[in-house]
Structures are given as structure tokens and as C-alpha cells.
Amino acid sequence: MSELSGKAQSVLGLLDPDQLGRTLTHEHLSMSFEFNYFPPPQGDEAVAENPFQMQHMHWLRQNPYTCMENLRLNEEISAVREELLAYRKAGGGTIVENSNTGLDRDVKTLKQLAKETGVHIIAGAGFYEGSTHSEATKKMSVEKLTDIIVSEVLHGADGTDICCGVIGEIASGWPITESEKKVLKATAHAQAQLGCPVIIHPGRSPAAPFEIVRILQEAGGDISKTVMSHLDRTIFDEGELLEFAKLGSYLEYDLFGTELLNYTFNPEVDMPSDSQRVKILAFLVKEGYEDNIVISHDIHTKHRLTKYGGHGYSHILKNIVPKLLTRGLSQHQVDKILIDNPKSIVL
Ligand SMILES: [Zn+2]
């Protein structure tokens, strides 16, 4: 463990944290989301079957999960390669790739992409949401699950010697299932052994992040090295957000670029726009949480790639950073969010 301590672990090996540069903490470069397909409403079937035409792109942006083809990001490796080169050109350094077991993680492809583009890629260990747990996973003890996660970080994932550098995204729905609770406990146990960062995908209820922090803490997890993802669609009340921020995790706003009216996974949610996300970040900075914020796009479908007219992986660097500066953040604070905070979540 001592050789890992204080280092970041990319798919190409150990790095000094100063080498990471601007870092997106929650992206996907190769994954499949087919298990979250929603059939199209009556009348839209033909559009859903033939989505990537100019006249259908608005429909696709509003209904991203209603089209099977859109959910196979792992078919777009060459487009993703181009995007990574553009990200590097725009000043990007590192991408944390959050696909783990359940999302068709492909560490060999990640290694290839890192070699070809020069972007540091950090792979994720552990298990996604309960709906993706196999029967074998559901039957595993917390100890067995812990061993698997530890091994993915120390020895390699998916039968390779390519090692993960974070545990995540560890996902649960709401309410949290028994199997998801076991995975959360195993995550905390593995973190206690390894000292590594954890990235959490909470269920879509404001209560979910609080409950998850409680489970992790009780199992010995380190909340100061834990990232709570997807706050954009999870906690809306400012008072509740400040209550959550007090618990000390990293606060991740990671749906930048997503602008839609009806959020398929929870119709109760009013998905914020990028302008609203920027306002929330400015609010959190004003309240003193600039050391806790990290941001990303969580690209997990094809339509968000620039190839299909989407915002791509450089949207934050090109469009959100200037907006943050206009809304009162200093360059120093922006650098904290994109460079210093991600850098501090290492092994
Ligand atoms: Zn994700």
C-alpha cells in the first residue's frame, strides 16, 4: 500500500497528483446503458428506431433513454478518441471513468485510449446499481465483495492487470436494496484498507445521499474522500443542500450539458439548466464550500458526443468556466474546482 499512498492510479500506472491537471471526475468513455431503456410513447416509435437524423435530434435530447441505439456508448470508441484529443487541446488533463461492473467496464479500451490521446484515465472499481447485480453478486458476502473491489484496485480489473484508481460509481436506487447495502459496506471496508477515493451515485431522493453517508460512516468509510455525484438531480432545497454539505463529502454537479424537461428516471424532478447549475455552484462557494466542489458531464449516451451535435467532453472547459467567471467565481476558485479538489482525492 505504501507505494500507492499519495498517488493517483491511472490505467497506465501511478501518477503524481500534480500530473493530473484539469480533471473531470465523473465521465464514461465506454459503457452500455441498455438496461435502462424506456419504450417510446405511442406515435414516436419510428423516431426512436431512426434517431440520429438532424430532424430527430431535439426529440433525442428530450428522450435520451427511449432509443436503444443511443444507450450503447461503447460503439463510439473512435468518436470518443477524437473527443479526448479535443479535450486535451482545450486544456483537459484527466478523466475519471466511472464505468464499473454493471456498466460494461472495458479497461483494455480505456488503456488504449489513454495511450493514444495522452489524457490520463482513471478507472472505477466495484458495482453499479442493484438492478445490474447478477444472482452471484447478490449472494456474495460483504467480505467477498470487499475482496473483489480491493483486487480491482491492487491487481487489476476484468481479468487484466489494469488497475482501477477509484471505487465508483457505486450506485443505489431508492429505497436502497439489501444487495446495494452490502456493496456500500464493502466499499467502505475496501476504502478503509486502501485509503482510496469513493464515488457514489445516490438514488433519486433528497434523503438518499444522507442515508448513504450514514451507511458508509458506520462501516468505517472516509467521507472526506467520498464524492457524492448527481446532486443536480437529487437535492434541490438550499437549506437541505447546506445540511448535506456539512457532512464533509465532495459535492459533485456532474450533469453539465444535460438540459431536458422530463427526466425519465423521476418525472418529479425539474432538471436544472446549466445556468442554474452555475448559480448553485456560486451559492456553495459563497457558503464556504469551494474546497468540496467537483464538476463533470457524466456523458453516458451517444447523443451527447459532438459527433451527434452534443456538447462533448470539452463543454465545461469551453463554456462553463467562462460562465463561472462571469458569475463571480475567481480564476483561483475555478482552478480549485477543476484541479486542486480532484487532485486531493487520491490514494
Ligand atoms: Zn455515471
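Looking at an unreviewed UniProt entry, one finds the chain named N-acetyltaurine hydrolase, with Channa argus as its source organism. UniProt, in the comment section headed Sequence similarities (unreviewed entry), describes the chain in these words: "Belongs to the metallo-dependent hydrolases superfamily. Phosphotriesterase family."

S.K.: Help me get a handle on the coordination of the zinc ion, residues and values and all.
M.R.: At 2.0 to 2.5 Å from the zinc ion lie its protein donor atoms, namely His 26 (NE2), His 28 (NE2), Glu 169 (OE) and Asp 298 (OD). Between the four donor atoms coordinating the zinc ion, the angles at the centre fall across 81 to 166°, so the site counts as irregular. All donor residues of the zinc ion come from one chain, and their arrangement in sequence is H-x1-H-x140-E-x128-D. Neither residue differs from the other here; His 26 and His 28 are each classed as buried.

S.K.: Please provide a residue-by-residue account of helix α7 (residues 178–194), values included.
M.R.: Over its 17 residues, α7 runs 24 Å from end to end, which matches the ideal 24 Å to within 8%, given 1.5 Å per residue. Within α7, the full set of buried residues consists of Ser 179, Glu 180, Val 183, Leu 184, Ala 186, Thr 187, Ala 188, Ala 190, Gln 191 and Leu 194. Turning to α7, the residues buried within the fold contact α5 (135–139), α6 (142–154), β6 (166–171), β7 (198–201), α8 (207–218) and β8 (226–228). Immediately beyond the C-terminal end of α7, within one or two residues, lies Gly 195, with a positive phi of roughly 70°.

S.K.: Describe the pattern of salt bridges, listing the residues and the values that go with them.
M.R.: Counted by the stated rule, this structure contains 19 salt bridges. The partner of Glu 69 in a salt bridge is Lys 302, with the nearest N and O atoms 3.5 Å apart. Of the two residues, Glu 69 sits in the loop between α2 (57–62) and α3 (77–89) while Lys 302 sits in the loop between β10 (293–295) and α11 (315–326), which places them 233 residues apart along the sequence. Here Glu 290 makes a salt bridge to Lys 336, at a shortest N to O gap of 3.1 Å. Here Glu 290, found in the loop between α10 (274–286) and β10, pairs with Lys 336, found in helix α12 (residues 331–343); they are 46 residues apart in sequence, far enough to count as distant. Residues Glu 290 and Lys 336 agree in their burial class; the two are buried.

S.K.: Go over the UniProt feature "binding site: a divalent metal cation 2" (unreviewed entry) in the chain, please, and point to the residues and values.
M.R.: According to UniProt, the feature "binding site: a divalent metal cation 2" (unreviewed entry) maps to Glu 169, His 201 and His 230 in the numbering used here. Across 62 residues, the annotated set stays spatially compact, with a maximum C-alpha separation of 10.8 Å. Residue position: Glu 169 is located in strand β6. At a separation of 2.9 Å, a polar atom in the side chain of Glu 169 contacts the side chain of His 28. Within the element layout of this structure, His 230 appears in the loop between β8 and α9 (238–245). The contact partners of His 230, leaving out residues within four places of it in the chain, are His 26, Glu 169, His 201, Pro 202, Glu 252, Asp 254, Leu 255 and Asp 298. Polar side-chain contacts of His 230 include one of 3.1 Å to the side chain of His 201.

Analysis parameters
- Residues numbered from 1 in each chain as written.
- Predicted model: local features only at pLDDT ≥ 70, side-chain atom pairs only at ≥ 80, totals over all residues.
- Heavy atoms only, no water.
- UniProt positions renumbered as here; feature names shortened; annotations may be inferred.
- Donors = N, O, S within 2.8 Å, 3.2 Å for Na, K, Ca; no water.
- Tetrahedral: all angles 85-135°; square planar, octahedral: opposite > 155°, others 65-115°.
- Buried < 20%, exposed > 50% of the residue type's maximum accessible area, 1.4 Å probe, protein only.
- Helix = DSSP H or I, 4+ residues; strand = E, 2+ residues; numbered from the N terminus.
- Expected span 1.5 Å × (residues − 1).
- Contact = heavy atoms within 4.5 Å.
- Salt bridge = Lys/Arg side-chain N within 4 Å of Asp/Glu carboxyl O.
- Polar contact = N/O pair within 3.5 Å; in protein donor to acceptor, adjacent residues only side chain to side chain.

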